[in-house]
Amino acid sequence: MVVGVNRPSRLIIDASAIRHNVSEEVQRLDQKSELFAVIKANGYGHGIRKIAQFTKEAGATGFCVAILDEALDLREAGFTEPILVLGITDPDSAKLAADNDVSLTVGDQEWLNQVSQQSVTFSNPLKVHLAIDTGMGRIGFQNSEEFAKAADFMREHSEKLDFEGMFTHFATADEKNTDYFNLQTSRFKEFLNALSEKPKYVHVSNTATSLWHAACNGNMIRFGVGIYGMNPSGRAIESPYELKPAMRLESKLVFVKKIKAGRSVSYGATYTAKEDEWIGTIPIGYADGYERRLQGFYVLIDGQKCEIVGRICMDQMMVRLPKEMPVGTKVVLAGQSGSESISMTNIADYAATINYEITCGFTDRLPRIYENEQ
Ligand SMILES: *Cc1c(COP(=O)(O)O)cnc(C)c1O
């Protein structure tokens, strides 16, 4: 996608906030535990390579990504830390992963069979983390005997397969009610007990688990949304330390006009001025990931809330101004302005989704500007 560098809309990412969030979390871990930074989906929209660098500086010793291509991008950028792909990878890509020293997630015996039968040789045995489905219902072994057999199978095929880790993922770690969480932990214990020898990494914790159930952590955590300073529960549960939001979204007014009472704004003419009003146009729209359903939400200009009026277009949108303002006036769509601020969680609440989806949704047309890198 063409990056809009000659347009005033931009994402600003604060490296010091990222380092703060990661080092706060690292300090809470016991000495034998590691923090792997989850930087899938372009670092939740913040930029995969930059976030890899900032989290490493703050104490992350490995990375988790969703797909093999993200892992290969990190290798290409020169990162030599362990990288785990959390999703399922095609067995045909096992050699590519092994040759690049990328660890893969495996959720069934059939995958291991296929790889063991391939006639290709790997430069190193493929590092495998077995996923255990204790209740997430997404990927992984549901039966502890099959799981233990898979572990044995890898030990018998050690020229190709290296049993490096086992893990599960919680469905409700960000909720106040812990019943389902406790059910999942008790199932995970069954799987642990089924093994004669544990792998190098035993891990269960996403951000929410590590923040609120640290006792379960194992010896590595998969720290994701917390890196970016967002609370995985939205606002339901408070974080034990301050999570500093790392991303701001800013733009400028590019057109300002007065409209007469009775005039309408944007597609569908869904907004009609009740009195004479000042309207500002901002060069951002749903093609940038500023979603159409945010019509009626607000932006901040000079510390004042300005309502988004009329439909959000692909590349532009309009706001109602409290008074005439000059073209070029700064607009804050996420971040601080005077005594007001808009968080990704505020945006998510209005759009009836979660903060994760907001930052992941910002497209590559928005330039990502990094500050406080040193
Ligand atoms: C995305 C993901 C994480 C990170 O979750 P956060 O809530 O962002 O901390 C951890 N583990 C798995 C398996 C994931 O898919």
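Rules of the game
- Residues numbered from 1 in each chain as written.
- Predicted model: local features only at pLDDT ≥ 70, side-chain atom pairs only at ≥ 80, totals over all residues.
- Heavy atoms only, no water.
- Phe/Tyr/Trp six-rings, centres within 6.5 Å; stacked < 30°, edge-to-face > 60°.
- Helix = DSSP H or I, 4+ residues; strand = E, 2+ residues; numbered from the N terminus.
- Buried < 20%, exposed > 50% of the residue type's maximum accessible area, 1.4 Å probe, protein only.
- Near = heavy atom within 4 Å.
- Polar contact = N/O pair within 3.5 Å; in protein donor to acceptor, adjacent residues only side chain to side chain.
- Areas by Shrake-Rupley, 256 points an atom, 1.4 Å probe, with all protein chains shown as cover.
- 1 Å grid on protein atoms, 1.4 Å probe; cavity = no way out; pocket = protein on both sides within 12 Å on 5 of 7 lines; lining within 4 Å.
- Sits in = over half its atoms within 2 Å of the grid points.
- Nonpolar A, V, L, I, M, F, W, Y, C, P; charged D, E, K, R; others polar.
- Axes fitted to C-alpha atoms, helices over the stretch in contact; angles between N-to-C directions.
- Parallel < 35°, antiparallel > 145°, perpendicular 65-115°, else oblique.
- Left-handed = near helix turned anticlockwise from the far one by under 90°.
- Contact = heavy atoms within 4.5 Å.
- Points joined across faces, edges and corners; volume = space filled by probe spheres on them.
- UniProt positions renumbered as here; feature names shortened; annotations may be inferred.

Chemist: Sorry if this is basic, but what is going on with the packing of aromatic side chains here?
Modeler: The description of an aromatic ring pair uses the distance of the two centres, along with the angle that the planes make with each other. Evaluation of the coordinates by the stated rule reveals eleven aromatic pairs. Measuring from ring centre to ring centre gives 4.1 Å for Phe 170 and Phe 181, while their planes differ by 35°; the resulting arrangement is tilted. Taken as a pair, Phe 170 in the loop between strand S7 (161–168) and helix H8 (179–193) and Phe 181 in helix H8 lie far apart in primary sequence, eleven residues in all. With respect to class, Phe 170 is no different from Phe 181; both count as buried. Ring centres 5.1 Å apart and planes at 40° place the aromatic pair Phe 297 and Tyr 350 in the tilted group.

Chemist: Would you mind going over the site of the ligand with me for this structure?
Modeler: Around the ligand, the neighbouring residues are Val 38, Lys 40, Tyr 44, Leu 86, Arg 138, His 169, Asn 206, Thr 207, Arg 222, Gly 224, Val 225 and Tyr 356. Residue His 169 places a side-chain N or O atom 3.5 Å away from a nitrogen atom belonging to the ligand. A distance of 2.7 Å is found between an oxygen atom of the ligand and a side-chain nitrogen or oxygen belonging to Tyr 356. Isolated, the ligand exposes 390 Å² of accessible area, and the fraction of that covered by the protein chains is 92%. Of all the cavities here, the one that holds the ligand is the largest pocket. Across the shell around the ligand, the residue classes tally to five nonpolar, four polar and three charged.

Chemist: I keep staring at the packing of helix H3 (residues 48–57) against helix H4 (residues 68–76) and nothing clicks. Help me out?
Modeler: Helix-helix packing is characterised by the crossing angle of the two axes and by the distance between the axes. Contact pair H3 / H4: the axes reach a minimum separation of 10 Å and the direction vectors enclose 65°. Relative to H4, the element H3 lies roughly perpendicular. Remark: the crossing between H3 and H4 carries right-handed chirality. Across the interface between the two elements, Ile 48, Arg 49 and Ala 52 from H3 touch Glu 70, Asp 73, Leu 74 and Glu 76 from H4.

Chemist: I keep staring at the layout of surface pockets and nothing clicks. Help me out?
Modeler: If a probe the size of a water molecule is rolled over the atoms, the empty space left behind becomes visible. For the largest pocket, the calculated volume is near 630 Å³. Considering the residues around the largest pocket, the lining is formed by 31 residues, among which Lys 40, Met 136, Arg 138, His 169 and Asn 206 are closest to the centre. Those elements that provide at least two residues to the lining of the largest pocket are helix H2 (40–44), strand S4 (83–88), strand S6 (126–132), S7 and helix H9 (207–212). Looking at the lining of the largest pocket residue by residue, the class counts come to 17 nonpolar, nine polar and five charged. Each pocket or cavity is described by its volume, and for the second largest pocket that value is around 330 Å³.

Chemist: When you look at the environment of Gly 62 in this model, what are you seeing that I'm missing?
Modeler: Inspection of the secondary structure assignment puts Gly 62 in strand S3 (residues 62–65). Remark: the alpha-carbon pair of Gly 62 and Ile 221, spanning 159 residues in sequence, is separated by 9.9 Å. When sequence neighbours within four positions are dropped, the list of residues in contact with Gly 62 reads Leu 35, Phe 36, Ala 37, Glu 81 and Pro 82.

Chemist: Where do I start with the UniProt feature "modified residue: N6-(pyridoxal phosphate)lysine" (unreviewed entry) in the protein chain in this structure?
Modeler: As recorded in UniProt, the feature "modified residue: N6-(pyridoxal phosphate)lysine" (unreviewed entry) lies at Lys 40. According to the relative accessible area criterion, Lys 40 is partly exposed, its value standing at 27%. Not counting the four nearest positions on each side in its chain, Lys 40 is found in contact with Cys 64, Val 65, Ala 66, Glu 70 and Leu 86.

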